[in-house]
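# Structural characterization, general
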Amino acid sequence: RVKVTGKNHYLLHSSDMDHVALKKLTLQHEMRRALSNKEFMLYYQPQYDLASGQIVGMEALIRWLHPERGLIPPAEFIPAAEESGIIVPLGNWVIEEACRQNKAWQDEGMPSIPVSVNLSFRQFSERNLTDKVADILEKIGLDARYLEIEITESMTMDVERASHCLKELTCLGVNISIDDFGTGYSSFHYLKNLPIARLKIDRSFVRDIQQDPNDAAIVAAIIAMAHNLQLQVIAEGVETEDQVHFLRSHRCDEMQGYFGSPPLPGSGVLQLLREKLNRPALPINMYRTAT
Ligand code: C2E
Ligand code: MG
Ligand code: MG
Ligand code: MG
């Protein structure tokens, strides 16, 4: 017999369970333990203004620092966290931790920039998400304009419900971005019905911008469309200087990717912000200033 305790108690015959199901239960149990053990941490990846080269935002990206398995990337546990519902307390922790870190940077005298947090749709089904966010901002003393929320297009989303929730968040002063733009199922439906401030062009379109004329056309079209809709647009997964040139020449607003910086722990970001305080931060000639 295998017994896994947690919020739900499972009591199952091991013979009834295949390896995958057992692994899933173990993972869910482990995540609950990890949450109370404070094993999750946030990395932050800078976002750069393409006109000035300055850092204008940070995306918070979760990692699990597992006592035996080391640093585990989100792809390996977020799906299970969503499925089991652990994403709700975990997601609340992410919002609070990102706000706390951002406030700490501001208190260190760093320029005030927004931190963006990835939200799972499961988190919208909590009726009090907006209250929760408002409480966190108030408790930490962070202005709502320094928190942004990223959502991905998903087939399972109830657009009506999400729209209501996102409007409330927008009223608080929190900006909403559509993440991985172009990879979902109903991009235009979302654009028409949700209060969106920014599109994030998925890195699958950015990757081959130089070699694939279709990708180049798609990226150029997304940038133009975003601007026609008065939306900001940021390219994800930018790895080369050539990609930066392409994006700049098409007037893309911002970029994020290894070319600028990989995601860093909070301490690394503070150092980066200190060095680059109000100075161009992209490693590229055209931004170099005489200081
Ligand atoms: P995302 O929100 O689209 O985040 C961007 C991912 O691309 C990150 O992977 C980042 O490390 C990676 N990346 C950034 N620049 C580059 C680049 O130049 N090249 C390449 N190849 N990759 C780059 P990461 O941190 O493994 O996160 C993966 C996904 O997990 C995220 O995709 C997001 O959907 C999800 N995720 C991360 N943190 C959270 C969270 O706190 N809550 C929820 N619900 N999902 C999260
Ligand atoms: Mg994201
Ligand atoms: Mg993305
Ligand atoms: Mg992604």
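Residues numbered from 1 in each chain as written. Chains lettered and ligands numbered in written order. Predicted model: local features only at pLDDT ≥ 70, side-chain atom pairs only at ≥ 80, totals over all residues. Heavy atoms only, no water.

## So, the packing of helix 3 (residues 87-107) against helix 4 (residues 129-140)
We count it as follows: Note on geometry: axes are C-alpha line fits, over the in-contact stretch for helices, and angles between N-to-C directions span 0 to 180 degrees. By definition, any uninterrupted DSSP run of H or I lasting at least four residues is a helix, any uninterrupted run of E lasting at least two residues is a strand, and each is numbered from the N terminus. Throughout this description, any angle smaller than 35 degrees is read as roughly parallel, any larger than 145 degrees as roughly antiparallel, any in the 65 to 115 degree range as roughly perpendicular, and the remainder as oblique. Note on convention: near helix rotated counterclockwise from far helix by under a right angle means a left-handed crossing. Clockwise means right-handed. Contacts were defined at the residue level, with two residues in contact if any of their heavy atoms lie within 4.5 Å.
Where helix 3 contacts helix 4, the axes come no closer than 10 Å and their chain directions differ by 30°. Considering their axes alone, helix 3 and helix 4 lie roughly parallel with respect to each other. Considering the relative orientation of helix 3 and helix 4, their crossing is right-handed. In this structure, helix 3 contributes Asn92, Ile95, Glu96, Cys99, Arg100 and Lys103 to the contact, and helix 4 contributes Lys132, Val133, Ile136, Leu137, Lys139 and Ile140.

## Quick word on the coordination of the magnesium ion (ligand 2)
Applicable threshold: With water excluded from the atoms, a metal site may look incomplete; its donors are any N, O or S atoms within 2.8 Å, or within 3.2 Å for Na, K and Ca. Throughout, exposure labels follow a simple rule: accessible area from a 1.4 Å probe, protein chains only, divided by the maximum for the residue type, with under 20% read as buried, over 50% as exposed, and the rest as partly exposed.
Here the magnesium ion (ligand 2) is held by Glu59 (OE), Asn118 (OD1), Glu150 (OE) and Asp179 (OD), and the distances to it run 2.0 to 2.2 Å. Each donor residue of the magnesium ion (ligand 2) belongs to the same chain, with the gaps between them written as E-x58-N-x31-E-x28-D. Separating the magnesium ion (ligand 2) and the magnesium ion (ligand 3) is a distance of 4.2 Å, and Asp179 donates to both of them. You can see Asn118 sitting in strand 6 (residues 115-118) and its partner Asp179 sitting in strand 8 (residues 175-181), a full 61 residues away along the chain. With relative accessibility at 5%, the residue Asp179 sits in the buried group.

## A word on the coordination of the magnesium ion (ligand 3)
In the first shell of the magnesium ion (ligand 3), the protein supplies Asp179 (OD), Asp180 (OD), Glu236 (OE) and Glu236 (OE), at 2.0 to 2.4 Å from the metal. Classification of Glu236 by relative accessible area gives buried; the value is 12%.

## Thoughts on the nonpolar core
Our working definition: The definition of a nonpolar core used throughout is a set of buried Ala, Val, Leu, Ile, Met, Phe, Trp, Tyr and Cys residues joined through side-chain atoms within 4.5 Å.
In terms of nonpolar packing, the biggest core is built from 88 residues, with Leu199 and Leu247 touching the most fellow members. With eight residues, the single largest contributor to this core is helix 3. Contacts of Leu199, omitting those with residues within four sequence positions, involve Ile178, Phe181, Leu191, Ile222, Met225, Ala226, Leu231, Gln232, Val233 and Ile234.

## Observations regarding the pattern of salt bridges
A side chain of one charge can pair with a side chain of the opposite charge if their charged atoms are brought near each other. Let me state the cut-off plainly: The working definition used for a salt bridge is a side-chain nitrogen of Lys or Arg within 4 Å of a carboxyl oxygen of Asp or Glu.
Summed over all chains, the structure comprises 15 salt bridges. Across the pair Lys200 and Glu59 runs a salt bridge, and its minimum N-O distance is 2.9 Å. Here Glu59 lies in strand 4 (residues 55-66) and Lys200 lies in strand 9 (residues 198-201), a separation of 141 residues in the sequence. Residues Lys200 and Glu59 agree in their burial class; the two are buried. Among the ionic pairs, Glu96 bridges to Lys139, the shortest N-O distance being 2.5 Å. With a gap of 43 residues between them, Glu96 in helix 3 and Lys139 in helix 4 connect regions that are remote in the sequence.

## Concerning the pairing of strand 3 (residues 40-49)
Let me state the cut-off plainly: Strand pairing is assigned whenever DSSP identifies at least 2 bridges connecting the two strands.
With respect to burial, strand 3 is a largely interior element, eight of its ten residues being buried. The sheet contact formed by strand 3 and strand 4 spans nine bridges and is antiparallel. Across the sheet, the residue bridging to Tyr44 is Ala60, located in strand 4. Joining the antiparallel neighbours strand 3 and strand 4 is a turn of five residues, in which Gly53 adopts a positive phi near 80°. Where strand 3 lies against strand 11 (residues 254-255), two bridges are found, and the strand directions are antiparallel. Bridge pairing in strand 11 places Asp49 opposite Glu254.

## Quick notes on the side chain of Asp202
Operational definition: Under the counting rule used here, the positive set is Lys and Arg, the negative set is Asp and Glu, and His together with the chain ends is not counted.
Counting through the fold element by element, Asp202 comes out in the loop between strand 9 and helix 7 (203-206). Comment: no salt bridge for buried Asp202; closest opposite-charge side chain is Arg203, at 6.2 Å.

## Remarks on the layout of surface pockets
Short version of the rule: Both cavities and pockets are sets of points on a 1 Å grid over the protein atoms alone; in a cavity a 1.4 Å probe fits but cannot get out, in a pocket the set is open with protein on both sides within 12 Å along at least five of seven lines, and lining residues sit with an atom within 4 Å of a point. Grid points are joined across faces, edges and corners, and a volume is the space filled by probe spheres set on the points. Gly counts as polar in this scheme, as do all residues outside two lists: the nonpolar Ala, Val, Leu, Ile, Met, Phe, Trp, Tyr, Cys and Pro, and the charged Asp, Glu, Lys and Arg.
Its volume calculated, the largest pocket comes out at about 1200 Å³. The wall of the largest pocket is formed by 38 residues, among which Glu59, Leu61, Pro74, Asn118 and Asp179 lie closest to the centre. At the level of secondary structure, the elements contributing two or more residues to the lining of the largest pocket comprise strand 3, strand 4, helix 2 (78-84), helix 3, strand 6, strand 7 (147-152) and strand 8. Examining the composition of the lining of the largest pocket, we find that five residues originate from one element, strand 4, more than from any other. When its residues are assigned to classes, the lining of the largest pocket shows 18 nonpolar, nine polar and eleven charged. Every residue along the wall of the second largest pocket is listed here: Lys23, Lys24, Thr26, Leu27, Glu30, Trp64, Arg69, Ile72, Glu76, Phe77, Ala80 and Glu83.

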